[in-house]
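# What the coordinates show
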Amino acid sequence: MSELRQQALDYHAFPVPGKIAIQLTKPAETAHDLTLAYSPGVAEPVLEIAANPDEAYRYTAKANLVAVITNGTAILGLGNLGPLAAKPVMEGKALLFKRFAGIDAIDIEVSHRDNDDFIRTVANIADSFGGINLEDIKAPECFVIERALIECCDVPVFHDDQHGTAIVTAAGLLNALEIQGKSLPDARIVCLGAGAAGIACMDLLIACGARREHIFMIDRHGVIRSERTDLNGEKPRFINDSGPRTLHEAMQQADVFVGVSGPDLVSDADVAAMAPRPVIFACSNPDPEISPERVRDVRSDAIMGTGRSDYPNQINNVLCFPFLFRGALDVRARRINTEMKKAAVDALRLLAHQPVPIEVQAAAGVTDLTFGPDYVIPKPMDPRLLPVVARAVAQAAVSSGVARLSLPDRYR
Ligand SMILES: O=C([O-])CC(=O)C(=O)O
Ligand SMILES: [Mg+2]
């Protein structure tokens, strides 16, 4: 067994199994405490909430509680391993919500027969939470599921693998292109992977200025083209018949590669075929489409990012979902709209331009983090992410009319 594998298993097993637990926020020591916490005192908030459901935000943990919900059909880049096997990842997301944004999150793994069954299950419990983070649900089902739940739930619903990944990718890519002296509208973009993350990344890049006709989306059968008879879900929106049929053909003179597919699918020859000063984000987790070492061997002018924390430029949704939910919860947003996503992109992008505090460099294990090829996106342990991104998202929610509260004083 590799050393990392054993360390990871021990981390999860000891000193107690799992990564999260529940903590009490009120005293529960005396008979009087229990009189208030439970019978008879608890009847009072019950009656308040029965009369006005919004009082749940005042008298229960709802306002700061997010459900991390999966069916285990697309766990990281590992595939459809079922709901229970997804539990360590969902507990991991809960750990990150708490560690980075002070949000209490609980994992929920759902077994179900079909989309409607899953949607019903989530819709039926949604009011218990301040927000719902959908995680590791495979495409194309994830698109139908997210759309239906946004429609029927009264709290924000966000499929992290789509929009979290897209927000971080867009922020990192805009910065990387700036460093390479290129612009998003002119960039020729190859997206390997037409699942949840691939579709959402390309949609958000288009919203940020990329041209649809410059995008080549590729799934396991090749470039998305009109003669194909197997295009499901959102794929037809990305048909591009302008030439390439294979990954290698699409990589000729490409400015940008975004990988959200699986390990080791990109060859040295693919990288060598790209345009001068390319940007390569190989974001399959845990193993990228091509390793940074191999990219470096092939060409020195590339900016490289991965989804991992052990290389520079970690393009991972951890940079988004804790802070985005913080902002959304703080103004009690009804939903998470494009304005809020674009505000998060801009906040992340601009934060990377700022000088990096010494303690962030130390936590990242590096001595010189300045905006450049090895630093296009903030580090997850940067304490400025929370106020900066959450504020931008909260402000965008207020100005776009989906907030139920005004901007909290600490954001002003
Ligand atoms: O968990 C991660 O590292 C990123 C993610 O959401 C995924 O790969 O599904
Ligand atoms: Mg995920």
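Per chain, residue numbering runs from 1 following the sequence as it is written. Working convention: letters from A go to chains and numbers from 1 go to ligands, in the order in which they are written. Selection of residues for local features in this predicted model requires a pLDDT of at least 70, selection of side-chain atom pairs for listing and counting requires 80 or more, and totals for whole chains, interfaces and linings are taken over all residues. Side-chain descriptors were evaluated using all non-hydrogen atoms of the structure, hydrogens and water having been removed beforehand.

## So, the site of ligand 1
The full set of residues close to ligand 1 is L76, K93, E135, D136, D160, D161, N285, N316 and N317. We define a polar contact as two N or O atoms separated by no more than 3.5 Å, with the added condition that, inside protein, one atom must be a possible hydrogen donor and the other a possible acceptor, whereas residues neighbouring each other in sequence contribute only through side-chain atom pairs. In this structure, an oxygen atom belonging to ligand 1 sits 2.8 Å away from a side-chain N or O atom of D161. Between ligand 1 and the protein, one listed contact pairs an oxygen atom with a side-chain N or O atom of N316 at 2.9 Å. In isolation ligand 1 has 270 Å² of accessible area, and contact with the protein removes 82% of it. Its residues placed into classes, the shell around ligand 1 shows one nonpolar, three polar and five charged. When we say a residue is near a molecule or strand, we mean one of its heavy atoms is within 4 Å of it. Only the protein chains shown count as cover for residues, and the accessible areas themselves come from Shrake-Rupley with a 1.4 Å probe. Each residue is assigned to one class: nonpolar for Ala, Val, Leu, Ile, Met, Phe, Trp, Tyr, Cys and Pro, charged for Asp, Glu, Lys and Arg, and polar for all the others, Gly among them.

## Comments concerning the coordination of the magnesium ion (ligand 2)
Think of the donor list as every N, O and S atom within 2.8 Å of the metal, or within 3.2 Å for Na, K and Ca; water never makes the list, so a site can look incomplete. The protein atoms donating to the magnesium ion (ligand 2) are E135 (OE), D136 (OD) and D161 (OD), with metal-donor distances spanning 1.9 to 2.0 Å. Written as a sequence motif, the donor residues of the magnesium ion (ligand 2) are E-D-x24-D. Note that D136 is positioned in the loop between β3 (131–134) and α7 (141–152) and D161 in helix α8 (residues 160–179), a separation of 25 residues in sequence. Both residues of the pair, D136 and D161, belong to the buried class. By definition, any uninterrupted DSSP run of H or I lasting at least four residues is a helix, any uninterrupted run of E lasting at least two residues is a strand, and each is numbered from the N terminus. Each residue is placed in one exposure class: buried if its accessible area under a 1.4 Å probe, protein chains only, is under 20% of its type's maximum, exposed if it is over 50%, and partly exposed if it falls in between.

## Quick word on the packing of aromatic side chains
Each aromatic pair joins two rings of Phe, Tyr and Trp (for Trp, the six-membered one) with centres within 6.5 Å, and gets the label stacked for planes under 30 degrees apart, edge-to-face for over 60, and tilted for any other angle. Inspection of every chain in the model, using the stated rule, returns four aromatic pairs. When the ring of F158 is compared with that of F325, the centres are 5.8 Å apart and the planes differ by 90°; the resulting orientation is edge-to-face. Of this pair, F158 sits in strand β4 (residues 157–159) while F325 sits in helix α13 (residues 321–330), placing them 167 residues apart in sequence. Residue classification places F158 among the buried residues on the basis of a relative accessible area of 1%. Judged by its relative accessible area of 0%, F325 falls in the buried class. One aromatic cluster is present, built from ring pairs that chain together F97, F158, F321 and F325. Both a distance and an angle decide whether a charge sits over a ring: NZ of Lys or CZ of Arg must be within 6 Å of the ring centre and within 35 degrees of the ring normal. Sitting over the face of the ring of Y411, R410 holds its NZ or CZ atom 4.9 Å from the ring centroid.

## Some details on unusual backbone geometry
The step from S39 to P40 runs through a cis peptide bond, and the omega angle for that step is 5°. Along the chain, P40 falls in the loop between α2 (31–37) and α3 (43–51). Across the junction of N285 and P286, the peptide omega takes the value -5°, indicating a cis bond. Within the chain, Q253 stands out as a residue other than glycine whose phi angle is a positive 60°.

## So, the UniProt feature "domain: Malic enzyme N-terminal" (unreviewed entry) in the chain
UniProt positions are given in the numbering used here, feature names are shortened, and annotations may be inferred rather than shown by experiment. The sites that UniProt annotates as "domain: Malic enzyme N-terminal" (unreviewed entry) are residues 17–150. Across residues 17–150, helical content stands at 42% and strand content at 12%; the span's end C-alpha atoms are separated by 34 Å.

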